[in-house]
Amino acid sequence: MFGRSGDLRELDNALRGADLHPALVPEGVKLTIVNLMKDHWPDEPPPEAYRSVAQLFGYCIAGPQTFEQANGPERRLDAERRIEAALETGDSLDAQIVLMALHGKLISSAEVVERFGLSAD
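Residues numbered from 1 in each chain as written. Predicted model: local features only at pLDDT ≥ 70, side-chain atom pairs only at ≥ 80, totals over all residues. Heavy atoms only, no water.

Chemist: Looking at this structure, how should I read the packing of helix α2 (residues 27-40) against helix α6 (residues 93-103)?
Modeler: Describing two packed helices takes the angle between their axes plus the distance from one axis to the other. Remark: α2 packs on α6, axes separated minimally by 10 Å, with the N-to-C direction vectors making an angle of 170 degrees. What the angle tells us is that α2 and α6 run roughly antiparallel. Between α2 and α6 lies a crossing of right-handed hand. Here α2 contributes V29, T32, I33, L36, M37 and H40 to the contact with α6, which in turn contributes L93, Q96, I97 and M100. Of the residues contributing to the contact of α2 with α6, the split by class is 7 nonpolar, 3 polar and no charged. (Axes fitted to C-alpha atoms, helices over the stretch in contact; angles between N-to-C directions. Helix = DSSP H or I, 4+ residues; strand = E, 2+ residues; numbered from the N terminus. Parallel < 35°, antiparallel > 145°, perpendicular 65-115°, else oblique. Left-handed = near helix turned anticlockwise from the far one by under 90°. Contact = heavy atoms within 4.5 Å. Nonpolar A, V, L, I, M, F, W, Y, C, P; charged D, E, K, R; others polar.)

As structure tokens, then:
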């Protein structure tokens, strides 16, 4: 009755699937991700949305090499394309996820910050 919400459990599972242990992500960040997803999908985020968000977030956290080792080159390239598109559009769910990772100081790879010119201004 008072356990974790289904949304948080779903996100935790998706983070594990992206080779990012959920304990490495602060609860407040996970709650924010879930709320961003609910804003983007007002009825209910589709199950595949959790995997997609976790992949992008996992890339931001791990960096390209570590992410590729765990998820393969295709998913790395997909995450990089999504970040580039997010930087162009500026106000998409992907952009919000990248910005949250940056502001939360969760991006541990300087290569991600430098490659995409990210800043927390």
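Chemist: In this structure, what is going on with the packing of aromatic side chains? I would like to understand it.
Modeler: For any two aromatic rings, the description comes down to two numbers: the centre-to-centre distance and the angle of the planes. Counted under the stated rule, the structure contains 2 aromatic pairs. Where Y59 meets F67, the ring centres are 5.6 Å apart and the plane angle is 75 degrees; that geometry is what we call edge-to-face. On the basis of relative accessibility, which here comes to 0%, the residue Y59 falls in the buried class. Residue F67 is classed as buried on the basis of its relative accessible area of 1%. With a centroid separation of 6.5 Å and 75 degrees between ring planes, the pair formed by Y59 and F116 is classed as edge-to-face. Remark: F116 occurs in helix α7 (residues 110-116) and Y59 occurs in helix α3 (residues 47-62); sequence separation between them is 57 residues. Accessibility expressed as a relative area gives 10% for F116, which makes it buried. Grouping aromatic residues by their ring pairs yields a cluster made of Y59, F67 and F116. (Phe/Tyr/Trp six-rings, centres within 6.5 Å; stacked < 30°, edge-to-face > 60°. Buried < 20%, exposed > 50% of the residue type's maximum accessible area, 1.4 Å probe, protein only.)

Geometry only, nothing functional implied.
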